[in-house]
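An overview of the molecular structure
Each chain is listed here by its residues.
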Amino acid sequence: MRLSSTWHREKVDLPEPPATIGIYTCGPTVYQRIHVGNARPFVLSMWLRAWLREQGYSVKLVENITDVNDKIYDAAPGASAELARRATRWYVEDTDLLGLGRPDAEPRATETVPEIVAAIEQLIEQGYAYAVDGDVYFRVGRYAEYGRLSGQRPDQVAEQEPNPRKEDPRDFALWKANKPGEDTWWDSPWGRGRPGWHIECSVMAEKELGPSFDIHMGGIDLVFPHHENEIAQSRALGREFARIWMHNGLLRFTGEKMSKSAGNVVTLREAVERWGRETLLLFFMTAHWSKPIDFSEETMAQAQAQWRGFQEALALPETGEDVQDWSRFEAALEDDFNTPDALAVLHEWRGRGSNTLLQRGLAVFGLAVQPSVPEDVRRLADERTAAREARDFARADELRRRIEELGWQTTDYRGGTALWPRR
Ligand SMILES: [Zn+2]
């Protein structure tokens, strides 16, 4: 399998199965219900794990939860820890609605503080970090490859986290001294404070996956500074860290990047309630993961129509099967996990009535459907088939309406009535 890597700027081969693949995905900062756009990296990593397992790999997928952060302090002054706990529950509940299962580990920053402090101490000992008035900063100038992931010349990297007491404007915080109003803190060799965001991810990734692992994922907006800083911290300590860097494109709401300031916030929960989890998952399949994806009424309606088409096809009897054809679906995913190409193959199978292949392909994306039809609906469908055979079309129409009232759609075929849920 080959995957596009931001670090390499080309596609990179994974080792052959049955290798063990470690994947780390940057998870949410928990202070509100997550946006539908935040679900994209979650969905992509759950799909990739499912596919790699299907191909015979062992996979460990780790997705962290950032539960101490400025945004959380600001959202709940005096009660940040409680908000973080509540918003962590929301995040788990809302991503559970997708029906894709959970990552293998979901470490929390607040449960990793001793390991983070130890890593910062090591960086200081080795000259890669220094303390100033209770803060600790990474010394960017000491790390020669700084800027490589984001394609910046080290001497032209923009200032981050402005503070006149830093040695160099490019330096970034590893530890932040406690400020008035910040009600979550830990004691450390540098005084009371809390970890910086970037070091959390380096330490949680290495704690769960070891010093070297295959894939690091996250949104394209995390390349700089977050991931640039993760690499700098971990490699400064002599670890290989992640090999392949997969960055997903962002979800745009009617053409613009969805942002709260633009007033275009749709939570994951709202999207699932409105469209159904299957339509949302199918929508995510329509764009290559590395590209932006447009979320709008139109694109969601198109995804819904596609999902209905699959449901209808699967309710009909199987008409054509060519088991060899699985290799085309496989080829699409093995070449950079190209879900739009895989979706095109699924549509060919739908058109041909290759239901076994279609079921198997949809299942990779959490879209297996074999809905059990309630007994009363099945009986009405049998009556409808009999009415059609007796050419009693008025009776057949009435039975179709009754079936629809019970939430089911019908498609007639010779000798039967196929049933599929209306959603
Ligand atoms: Zn991260």
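Rules behind the numbers
- Residues numbered from 1 in each chain as written.
- Predicted model: local features only at pLDDT ≥ 70, side-chain atom pairs only at ≥ 80, totals over all residues.
- Helix = DSSP H or I, 4+ residues; strand = E, 2+ residues; numbered from the N terminus.
- Pairing = 2+ DSSP bridges.
- Axes fitted to C-alpha atoms, helices over the stretch in contact; angles between N-to-C directions.
- Contact = placed C-beta atoms within 7 Å.
- Expected span 1.5 Å × (residues − 1).
- Buried ≥ 20, exposed ≤ 12 C-beta atoms within 10 Å, placed from the backbone.
- Arc of directions from axis to C-beta.
- pLDDT = per-residue confidence, 0-100.
- Core = buried A, V, L, I, M, F, W, Y, C linked by C-beta atoms within 7 Å.
- Domains from an automatic or database assignment.
- Parallel < 35°, antiparallel > 145°, perpendicular 65-115°, else oblique.
- Left-handed = near helix turned anticlockwise from the far one by under 90°.
- Nonpolar A, V, L, I, M, F, W, Y, C, P; charged D, E, K, R; others polar.

Here we take up unusual backbone geometry. With an omega of 10°, the peptide bond running from Pro-17 to Pro-18 counts as cis. Tracing the sequence through the fold places Pro-18 in the loop between strand S2 (10-13) and strand S3 (20-25). Residue Pro-225 is bonded to the preceding Phe-224 through a cis peptide linkage, with omega at 0°. Of note, Pro-225 is situated in helix H6 (residues 223-236). Even without glycine at this site, Arg-9 takes up a positive phi of about 60°. Mapped onto the secondary structure, Arg-9 falls in the loop between strand S1 (2-5) and S2.

Here we come to the sheet that holds strand S8 (residues 193-195). Spatial ordering of the open sheet is given by S5-S6-S7-S8, a layout of four strands whose pairing is antiparallel. Two strands in the sheet have a free side with no partner beyond their single neighbour: strand S5 (129-132) and S8. Between one strand axis and the next, the sheet turns by 20° as a mean value, whatever way the strands run. In the sheet, strand S7 (residues 172-177) pairs with S8 via three bridges, with the strands oriented antiparallel. Looking at the pairing, Lys-176 lines up with Arg-194 of S8. Each of S5, strand S6 (135-138), S7 and S8 is contacted by helix H4 (residues 113-125), which is oriented at about 105° to S5, the strand it contacts most.

An ideal rise of 1.5 Å per residue puts 20 Å on 14 residues; helix H11 (residues 339-352) measures up with 20 Å between its terminal C-alpha atoms. Listing the buried residues of H11 in full gives Thr-339, Ala-342, Val-345, Leu-346, Trp-349 and Arg-350. Looking straight down H11, one finds that the buried residues subtend no more than 150° of arc, so they occupy a single side. Among the structural elements, helix H8 (277-285), helix H9 (297-315), helix H10 (326-334) and helix H12 (355-364) are those in contact with the buried residues of H11. Gly-353 sits one or two positions beyond H11 and adopts a positive phi of about 75°.

Below, the discussion takes up helix H1 (residues 39-54). Each turn of an α-helix holds 3.6 residues, which means side chains three or four residues apart point in the same direction. Over its 16 residues, H1 extends 22 Å from the first C-alpha to the last, a length consistent with the 22 Å expected when each residue adds 1.5 Å. Burial analysis of H1 places 13 of its 16 residues in the buried class, which makes it a mostly covered element. Where H1 terminates, the next one or two residues include Gly-56, which has phi positive at roughly 100°.

Moving on, we come to the confidence of the model for the protein. Looking at the protein, pLDDT values average 93 and 97% of them are 70 or higher. Low pLDDT, under 50, characterises residues 255-260; the stretch is placed with 15 contacts to residues that sit more than four places away or in other chains.

Here the focus is the pairing of strand S15 (residues 416-421). Inspection of the sheet shows strand S14 (residues 408-413) paired to S15 by six bridges, in the antiparallel sense. Bridge assignment links Asp-412 to a residue of S15, and that residue is Thr-417. As consecutive antiparallel partners, S14 and S15 are separated by two residues, and within that stretch Gly-415 has a phi angle of approximately 90°, a positive value.

So, on to the sheet that holds S3. One open sheet holds the four strands; their spatial order is S4-S3-S9-S10, and the pairing between them is parallel. Here the strands that pair on one side only, and so sit at the sheet edges, are strand S4 (58-63) and strand S10 (241-248). Between one strand and the next, the sheet's axes are offset by a mean angle of 25°, whatever the strand orientation. Pairing of S3 with strand S9 (residues 212-219), which is carried by three bridges, proceeds in the parallel orientation. If you follow Thr-25 over to S9, its bridge partner there is Met-217. Contacts from H1 reach S3, S4, S9 and S10, with the element oriented near 170° to S4.

A few words now on the nonpolar core. If you look at the biggest cluster of nonpolar residues, it comprises 111 residues, and the most contacted ones within it are Ile-23, Val-43, Ile-120, Phe-138 and Leu-174. The greatest single-element share of this core, amounting to nine residues, is contributed by H1. Beyond its immediate stretch of four places on either side in the chain, Val-43 contacts Leu-98, Leu-100, Leu-281 and Phe-284.

What follows covers the domain arrangement of the protein. In many reports, interface size means the accessible area that the parts give up when they come together. For the protein, the domain assignment lists domain 1 (2-248), domain 2 (279-364) and domain 3 (375-421). Each of domain 1 and domain 3 was reduced to a C-alpha centroid, and the two centroids are 54 Å apart.

Running from amino to carboxyl end, H9 crosses H12 at an angle of 135°, the nearest separation of the two axes being 10 Å. Looking at the two axes, H9 sits oblique to H12. Note on packing geometry: the crossing formed by H9 with H12 is left-handed. Counting all contacts with H9, which are made through Phe-310, Ala-313 and Leu-314, the residues of H12 involved are Asn-355, Leu-358, Gln-359 and Leu-362.

As a further point, take the packing of H10 against H11. Running from N to C, H10 and H11 cross one another at 165°; their axes reach a closest spacing of 8 Å. If you check the angle between H10 and H11, you find them roughly antiparallel. When you trace H10 past H11, the crossing you get is left-handed. Contacts between H10 and H11 involve Arg-328, Phe-329, Ala-332 and Leu-333 from the former and Asp-341, Ala-342 and Val-345 from the latter. When grouped by side-chain class, the residues that make up the contact of H10 with H11 number five nonpolar, no polar and two charged.

Looking now at the environment of Glu-383. Residue position: Glu-383 is located in helix H13 (residues 375-389). Residues Glu-383 and Ala-313 lie 70 residues apart in sequence; the distance between their C-alpha atoms is 21 Å.

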